[in-house]
Amino acid sequence: MSSVAQKRSFGAAFWDWMTTVDHKKIGILYLIGGGFFFVLGGIEAMLIRIQLLQPNNDFVSAGLYNDLITMHGTTMIFLAAMPILFGFMNYIMPLQIGARDVAFPFINSLGFWMFFFGGLFLNISWFLGQVPDAGWTSYASLSIASPGHGIDFYAIGLQIAGGGTLMAGINFLVTIINMRAPGMTYMRMPLFTWTTFVASAMILFAFPPLTVGLFFLTFDRMFGANFFDHTMGGNTIIWEHIFWIFGHPEVYILILPAFGIFSEIFPIFSRKRLFGYPAMVFATVLIGFLGFMVWAHHMFTVGLGPTANAIFAVATMAIAVPTGVKIFNWLLTIWGGSIRVTTPMLYALGFIPSFVMGGVTGVMQGAAPLDYQLHDSYFIVAHFHYVIVGGVVLAILGGLHLYWPKMFGTMLNEALGKITFIFFFVGFHCTFLIQHWLGFWGMPRRVWTYMDGQGWNTANVISSVGALLMAIGVIVLVINIIMTVAKNERIGNDPWGDGRTLEWAIPSPPPFYNFTATPLVRGLDTVWIEKSEGNMTGLTPAEPITDIHMPNGSIIPFLMTFGLFVAGFGAMFHQETSWGLPVLIFGLAWTFVAMAARSLKDDLGFHVTKEQIQRDVDNASKGGRI
Amino acid sequence: MDLNKKFTPETWPEHPERATLEAKNKFVGFWLFLGGETILFATLFATYMALKNKGPSGFGFSTQELYELPLVFVMTLLLLTSSLTSVYAMHHMKSFNFKKMQLWLGITALLGLGFLGLEVYEFSHYVKEGFTFGNSAFSSSFFTLVGTHGFHVAIGLVWVTLLLFRNAGRGLNLYNATKYYTFSLYWHFIDVVWVFIFTVVYLMGVIG
């Protein structure tokens, strides 16, 4: 807060994080929450690979195996990959566009708490021994018939988390539309901001169908509706359509920000501006659009008919074109650059071949006839892990190394970073490359064990060893983080030396008001332009230092979400217990009272005086910290 | 922002609902939110159309027998009129006439309440006839689609009531102008959705 370092009690610090509306702190909360669930999903993956290590294994039961694959998929997509990317978006995007804050700080905090409580709700299922077990897609034919409360945890937990995601999406959109610094035109926005923009727009249109689908599932299972029960006139294909109208854009919601992170890494460590910037922007928007046109390629074998299959096959393959544009632009950014192979750059370089392989197998499945052969085999598992791990997770790890110094003011160890990369990268290919062949050889996915003598034994051992290598890589990363935090060697504004965008021109970590004076943006890669013209601060202010208006923290987002969390349990148990319905009503009432409290009490924020900012600036120029 | 700043009709800005950055954010954000709501209702409509008249064997309800247009016509009249009165309210908001704005919004709320009352009557009538939430896929999709709309109306009523009472004593300012304006956007949106429900559910249900 102030220039004077203060010792604060643990309680005060805890309260500060619970009530924060600072986009940077919320970004860090997203990273911590997402990181926790990433480890949880990773442990589930390891258990799956141990079970498949040898034929006829009885390490886990068939039922537990269903629980594990369901929770692994759900956790990794909803609770790890997306929140971690939201962490980067929250922290970096406002800095990149020269904003002091996001458009809706309160809703930003609400979005985080909804993600967190939704994830908690899902994982409490483990303690009750009734875990979602119908796959992460939860196809209605399976999920309606699933006994116990497993699917109820899925439906309600994802409903809460999904609401948070929608809020985050709207918040990012409005921030980018309204809060760009002077001179920051759309065609000067860094690519990571652009991909945040398009991914947020996709969230806005993809998540409402999920909301509806989950309500149908909730109503069918808990309130006696019949959307999916065919004996009552229902239709399970409706779930598949609704799920994939959400689910296909979802994978682009994950991969576009990953593309954005790589589009920041390549120029920095090639010391060249991004090749074909306008084409990159156009390709991003086009991928965002096409992402909504292809959902039925998940349903080729449902029997929609050859016409529908053909249309969706062509639309699917069309996505390869803008994606190819991106790949070639990245290659041409490196081409002739003065390349530094740092840890983030290693991830970016590893990403290109890995992701291309995942993309090519995607085009293969885009051919409907071939998809009939590959359907529900390990080829599919190999394909989407090549895309999600080879794209999204490599971007997350690369981005973590790239932005760690900006977020925490201290540099992750490069040697350990490279060791992490090698273990993770080798382990990744070792795990999933062989699974393409397992698919060709006929090994079905989602089946808990296999018989001996089908030629799958060695391949499964290789795959499991690869998973172990990835786990070692993640453990090295955790060690790296602990060592870095313990050492806490402070670094300057631009630790990589070649930062190009606005976030690299302000202190690491930035003061809570981000910019002492709103910057003037003079072009794409504005800090690079300033530096190359001799302005070593990297910033030209657009206005003199004035009072800054900032929002107040609030505990209400936490309270609102807690009400929903409680109501979820009420909905789940209302049929078999007498306390269910009162708890449901109490939880919802709690939330509504919290909402009313928010709207009835005017919260106008506070002002940081220009004298205070001037003191911070003077102090920083004497070598102190803001 | 200074809540105590006093305006006159002359100094009141032409677009008070987006006169400050916070207001502009809420204005754009609310439009985007309505975009998401559109998708939500589109999904509900699609499901309703897929499950219309579908039930277990021997299921005795069809749209033709069930729906009664006179009642729905009165409901439509009430809701469309309430949209008109909210336009009057916004007109007075822009010309800084707080009392008249409150009055027209109060009328809007009463008309909305009338609509909701008739909808509750309609639903209870169906249930009495044996067409319940759980007796078929058709009934589930009907009650979910129309009920979601009704739920939106109820939320809107709570919203506008809170606005009217909260601000009764302090008049218009640049902080609550946006709140009034986004409410009117929301109310129009509900109205548009109802026009679709009237057409797709009731008219198409009765006619063919």
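Computed from a predicted structure; not experimentally measured.

A short note on the overall build of chain A
Here comes step 1: Counting secondary structure elements, chain A contains 20 helices and two strands.
Here comes step 2: A compact globule built from 626 residues would reach a C-alpha radius of gyration of about 25 Å, and chain A, at 25 Å, matches this within 12%.
Here comes step 3: Looking at chain A residue by residue over its 626 residues, the buried ones come to 58%.
Here comes step 4: Of the roughly 23000 Å² of accessible surface on chain A, 71% is carried by carbon and sulfur atoms.
Here comes step 5: One way to put it: in chain A the 29 positive side-chain charges average out to a point 12 Å from where the 32 negative ones average out.

So, helix α9 (residues 277-290) of chain A
Here comes step 1: Helix length check: α9(A) (14 residues) gives 20 Å between terminal C-alpha atoms against 20 Å at 1.5 Å per residue, within 8%.
Here comes step 2: On its buried face, α9(A) sits against α7 (191-222), α8 (236-270), α10 (306-318) and α11 (320-334) of chain A.

So, the packing of helix α18 (residues 556-573) of chain A against helix α19 (residues 580-600) of chain A
Residue and element names in this part refer to chain A.
Here comes step 1: Contact geometry of α18 with α19 gives a least axis separation of 7 Å together with a crossing angle of 160°. Viewed along their axes, α18 and α19 adopt a mutual orientation that is roughly antiparallel. The handedness of the crossing between α18 and α19 comes out as left-handed.
Here comes step 2: Its residues assigned to classes, the contact of α18 with α19 shows 18 nonpolar, five polar and one charged.

Describing the interface of chain B and chain A
Here comes step 1: Taken together, the contact pairs 37 residues of chain B with 36 residues of chain A.
Here comes step 2: In total, chain B and chain A occlude about 2900 Å² of area from one another, counting both sides; carbon and sulfur atoms represent 72% of this.
Here comes step 3: On inspection of chain B and its partner chain A, the count reaches two salt bridges.
Here comes step 4: With its nearest N and O atoms 2.4 Å apart, the salt bridge here joins B:Arg170 to A:Asp602.
Here comes step 5: Applying the counting rule to chain B against chain A returns nine residue pairs in polar contact (both at pLDDT 80 or more).
Here comes step 6: Of all the elements in the fold, those that place two or more residues in the side of chain B that touches chain A are α1 (21-51), α5 (137-167) and α6 (174-207) of chain B.
Here comes step 7: The biggest single contributor to the side of chain B that touches chain A is α1(B), with 18 residues.
Here comes step 8: In terms of residue class, the side of chain B that touches chain A is made up of 17 nonpolar, 13 polar and seven charged.

Comments concerning the nonpolar core
Here comes step 1: Ranked by size, the top nonpolar core spans 223 residues in total, and within it A:Phe88, A:Trp330, B:Phe142, B:Trp194 and B:Tyr202 carry the most contacts.
Here comes step 2: For this core, the element with the highest residue contribution is α8(A), accounting for 19 residues.
Here comes step 3: Here B:Tyr202 is in contact with B:Tyr67, B:Leu69, B:Val72, B:Glu122, B:Tyr126, B:Phe142, B:Val146, B:Trp194 and B:Ile197, once residues within four sequence places are set aside.

Observations concerning unusual backbone geometry
Residue and element names in this part refer to chain A.
Here comes step 1: Ser508 connects to Pro509 through a cis peptide bond whose omega is -15°.
Here comes step 2: Structurally, Pro509 can be placed in the loop between α16 (457-487) and α17 (526-532).
Here comes step 3: Despite not being glycine, Arg446 has its phi angle at roughly 65°, a positive value.
Here comes step 4: By relative accessible area, which is 31% here, Arg446 ends up partly exposed.

Remarks on empty space enclosed by the protein
One water molecule sets the probe size; rolling that probe over the atoms shows where empty space is left.
All names here are of chain A.
Here comes step 1: All chains considered together, the criterion is met by three cavities of 30 Å³ or more.
Here comes step 2: When its volume is computed, the largest cavity comes out at roughly 120 Å³.
Here comes step 3: Lining the largest cavity, in full, are Pro190, Leu191, Ser263, Glu264, Pro267, Ile268, Leu274, Tyr277, Arg500, Thr501, Leu524 and Asp525.
Here comes step 4: For the lining of the largest cavity, the leading source of residues is α8, giving four residues.
Here comes step 5: Class assignment for the residues of the lining of the largest cavity results in seven nonpolar, two polar and three charged.
Here comes step 6: Roughly 60 Å³ of internal volume is contained in the second largest cavity.

What to know about the pattern of salt bridges
Here comes step 1: Counting across every chain of the model gives 16 salt bridges over all chains.
Here comes step 2: Residues A:Asp22 and A:Lys24 are paired through a salt bridge, measuring 3.2 Å at the closest nitrogen-oxygen approach.
Here comes step 3: In this structure A:Lys24 comes out as buried when scored by relative accessible area, which is 4%.
Here comes step 4: Among the salt bridges present, the one from A:Asp602 reaches B:Arg166, with a minimum N-O distance of 3.2 Å. With one member in each of two chains, A:Asp602 in the loop between α19 and β2 (606-608) and B:Arg166 in helix α5 form a pair that bridges those chains.
Here comes step 5: For A:Asp602, a relative accessible area of 16% translates into the label buried.
Here comes step 6: The exposure class of B:Arg166 is partly exposed, given its relative accessible area of 29%.
Here comes step 7: Linked through salt bridges whose partners overlap, the residues forming this network are A:Arg271, A:Arg340 and A:Asp498.

Topic: the packing of helix α3 (residues 69-94) of chain B against α6(B)
All names here are of chain B.
Here comes step 1: Contact geometry of α3 with α6 gives a least axis separation of 10 Å together with a crossing angle of 160°. Considering the angle they form, α3 stands roughly antiparallel to α6. Of the two possible hands of crossing, α3 and α6 adopt the one that is left-handed.
Here comes step 2: In the contact of α3 with α6, the residues fall into 19 nonpolar, six polar and two charged.

Structural notes on helix α20 (residues 610-621) of chain A
All names here are of chain A.
Here comes step 1: Helix length check: α20, at twelve residues, gives a terminal C-alpha distance of 16 Å against a target of 16 Å (1.5 Å per residue), a fit within 8%.
Here comes step 2: Turning to α20, its buried residues number three or more, namely Gln612, Ile613 and Asp616. Down the axis, α20 shows its buried residues gathered within 100° of arc, on one side only.
Here comes step 3: Check the buried side of α20 and you find it contacts β1 (548-550) and β2.

A few points about the packing of aromatic side chains
Residues and elements named next belong to chain A.
Here comes step 1: Within the structure shown, the criterion is met by 94 aromatic pairs over all chains.
Here comes step 2: Plain terms: the ring middles of Phe259 and Phe355 are 5.3 Å apart, the flat faces sit at 85° to each other, and that makes the pair edge-to-face. With Phe259 in helix α8 and Phe355 in helix α12 (residues 343-366), this pair connects stretches of sequence that are 96 residues apart. Like Phe259, the residue Phe355 is buried in the burial classification.
Here comes step 3: Seen from the ring of Trp17, Lys25 lies directly overhead, with NZ or CZ sitting 5.4 Å from the centre.
Here comes step 4: In this structure, Arg598 is placed above the aromatic ring of Phe106, and the distance from its NZ or CZ to the ring centre is 3.7 Å.

The rules behind the values
- Residues numbered from 1 in each chain as written.
- Chains lettered and ligands numbered in written order.
- Predicted model: local features only at pLDDT ≥ 70, side-chain atom pairs only at ≥ 80, totals over all residues.
- Heavy atoms only, no water.
- Helix = DSSP H or I, 4+ residues; strand = E, 2+ residues; numbered from the N terminus.
- Rg over C-alpha atoms; globule rule 2.2 N^0.38 Å.
- Buried < 20%, exposed > 50% of the residue type's maximum accessible area, 1.4 Å probe, protein only.
- Areas by Shrake-Rupley, 256 points an atom, 1.4 Å probe, with all protein chains shown as cover.
- Lys, Arg positive; Asp, Glu negative; His and termini not counted.
- Charge placed at Lys NZ, Arg CZ, Asp CG, Glu CD.
- Expected span 1.5 Å × (residues − 1).
- Contact = heavy atoms within 4.5 Å.
- Axes fitted to C-alpha atoms, helices over the stretch in contact; angles between N-to-C directions.
- Parallel < 35°, antiparallel > 145°, perpendicular 65-115°, else oblique.
- Left-handed = near helix turned anticlockwise from the far one by under 90°.
- Nonpolar A, V, L, I, M, F, W, Y, C, P; charged D, E, K, R; others polar.
- Buried area = accessible area lost by both parts, 1.4 Å probe.
- Salt bridge = Lys/Arg side-chain N within 4 Å of Asp/Glu carboxyl O.
- Polar contact = N/O pair within 3.5 Å; in protein donor to acceptor, adjacent residues only side chain to side chain.
- Core = buried A, V, L, I, M, F, W, Y, C linked by side-chain atoms within 4.5 Å.
- 1 Å grid on protein atoms, 1.4 Å probe; cavity = no way out; pocket = protein on both sides within 12 Å on 5 of 7 lines; lining within 4 Å.
- Points joined across faces, edges and corners; volume = space filled by probe spheres on them.
- Arc of directions from axis to C-beta.
- Phe/Tyr/Trp six-rings, centres within 6.5 Å; stacked < 30°, edge-to-face > 60°.
- Lys NZ or Arg CZ within 6 Å of the ring centre and 35° of its normal.

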